[in-house]
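Below are the chains, spelled out letter by letter.
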Amino acid sequence: MNTVLWILQIVLAAAMLGAGAAKLIQGREKLLGKMGWAEDFSDGLFRTIGAVEVLAALGLILPAVTGIAPVLVPIAALGLAITMLGAVIVHVRRKEYGQLPPSAIFLVLAVVIAWGRFGPYPL
């Protein structure tokens, strides 16, 4: 199960790093066509969401790899789960059901990682 958790951590970190970096680098105005939900958020909040995703990606991997404060891995997963829960709520509220599955899948992955790393398979 430890190997499965590592794979989930890497997959989720890669997805969040890509999504967060796009938000930080390209900005809200450029991504409005791809992310309709962004029109409900200010530029600052949009970039903050990107920064949170990048930090979560780093938090899923770096503490475990370096051995420095590995308890940060499940904390990062829990924070990411909260972020993805917010994304699910925004998509449901805006009736963007086509954009719901990725957020829901990322939510489930983050919850599984948090459960495994806080519980039976700590680092």
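Sequence positions are assigned chain by chain, starting from 1 and proceeding in written order. Only residues with pLDDT of at least 70 get local features here, since the model is predicted, and only at 80 or more are side-chain atom pairs given and counted; chain-wide, interface and lining totals rely on the full set of residues. Neither water nor hydrogens contribute to the side-chain values; these are computed over all heavy atoms in the structure.

## What about the side chain of Arg 28?
Piece 1. Summarising the element assignment, Arg 28 is placed in helix H1 (residues 2-31).
Piece 2. The rule is simple: take the accessible area with a 1.4 Å probe, protein chains only, and divide by the maximum for that residue type; under 20% is buried, over 50% is exposed, in between is partly exposed. Classification of Arg 28 by relative accessible area gives buried; the value is 14%.
Piece 3. Definition of a polar contact: a pair of N or O atoms within 3.5 Å, with one able to donate and the other able to accept a hydrogen when the atoms are protein atoms, and with sequence-neighbouring residues admitted only if both atoms are side-chain atoms. In this structure the side chain of Arg 28 is engaged in a polar contact, spanning 3.0 Å, whose partner is the side chain of Glu 29.
Piece 4. There is a polar contact of 2.7 Å between the side chain of Arg 28 and the side chain of Asp 43.
Piece 5. Residues are treated as being in contact if the distance between any of their heavy atoms lies within 4.5 Å. Beyond its immediate sequence surroundings of up to four residues, Arg 28 is in contact with Ala 38, Glu 39, Phe 41, Ser 42, Asp 43 and Phe 46. Elements are defined by DSSP. Helices are runs of H or I of four residues or more, strands are runs of E of two residues or more, and each kind is numbered from the N terminus.

## What about the layout of surface pockets?
Piece 1. Site definitions follow a grid-based scheme: protein atoms alone, a 1 Å grid, a 1.4 Å probe that fits but cannot get out for cavities, and for pockets an open set with protein on both sides within 12 Å along at least five of seven lines, plus lining residues having an atom within 4 Å of a point. Grid points are joined across faces, edges and corners, and a volume is the space filled by probe spheres set on the points. In this model, the largest pocket occupies a volume close to 470 Å³.
Piece 2. What lines the largest pocket is a set of 21 residues, and nearest its centre among them are Lys 23, Trp 37, Ala 87, His 91 and Ser 103.
Piece 3. Where the lining of the largest pocket is concerned, the elements lending two or more residues are H1, helix H2 (43-66), helix H3 (72-93) and helix H4 (100-118).
Piece 4. Residues are grouped as follows: Ala, Val, Leu, Ile, Met, Phe, Trp, Tyr, Cys and Pro are nonpolar; Asp, Glu, Lys and Arg are charged; all remaining types, including Gly, are polar. Partitioned by chemical class, the residues of the lining of the largest pocket number 13 nonpolar, 5 polar and 3 charged.

## Remarks on the environment of Gly 79
Piece 1. Here Gly 79 is to be found in helix H3.
Piece 2. What makes Gly 79 partly exposed here is its relative accessible area of 32%.
Piece 3. Along the backbone, Gly 79 and Thr 66 are 13 residues apart, and their C-alpha atoms lie at a distance of 20 Å.

## Regarding H3
Piece 1. Between the first and last C-alpha of H3 there are 31 Å, a value that for 22 residues agrees with the 32 Å anticipated at 1.5 Å per step.
Piece 2. Among the residues making up H3, those that are buried are Val 73, Pro 74, Ala 76, Ala 77, Leu 80, Ala 81, Met 84, Ala 87, Val 88, Val 90 and His 91.
Piece 3. On its buried face, H3 is in contact with H1, H2 and H4.
Piece 4. Downstream of H3 by a residue or two, Lys 95 has a phi angle that is positive, lying close to 60 degrees. How far a helix is expected to stretch is found by multiplying one less than its residue total by 1.5 Å.

## Some remarks on the packing of H2 against H3
Piece 1. Interaxial angles span 0 to 180 degrees and are taken between N-to-C directions of axes, which are lines fitted to C-alpha atoms, for helices over the stretch in contact. Where H2 contacts H3, the axes come no closer than 8 Å and their chain directions differ by 155 degrees. Judged on the interaxial angle alone, H3 and H2 are roughly antiparallel. Taken as a pair, H2 and H3 cross one another with a handedness that is left-handed. Listed contacts from H3 to Val 52, Glu 53, Ala 56, Gly 59, Leu 60, Pro 63 and Ala 64 of H2 are Leu 72, Val 73, Ala 76, Ala 77, Leu 80, Thr 83 and Met 84. Note on terminology: angles under 35 degrees are roughly parallel, angles over 145 are roughly antiparallel, angles of 65 to 115 are roughly perpendicular, and the others are oblique. Handedness of a helix crossing follows the sense of rotation of the near helix relative to the far helix, less than a right angle counterclockwise being left-handed and clockwise being right-handed.

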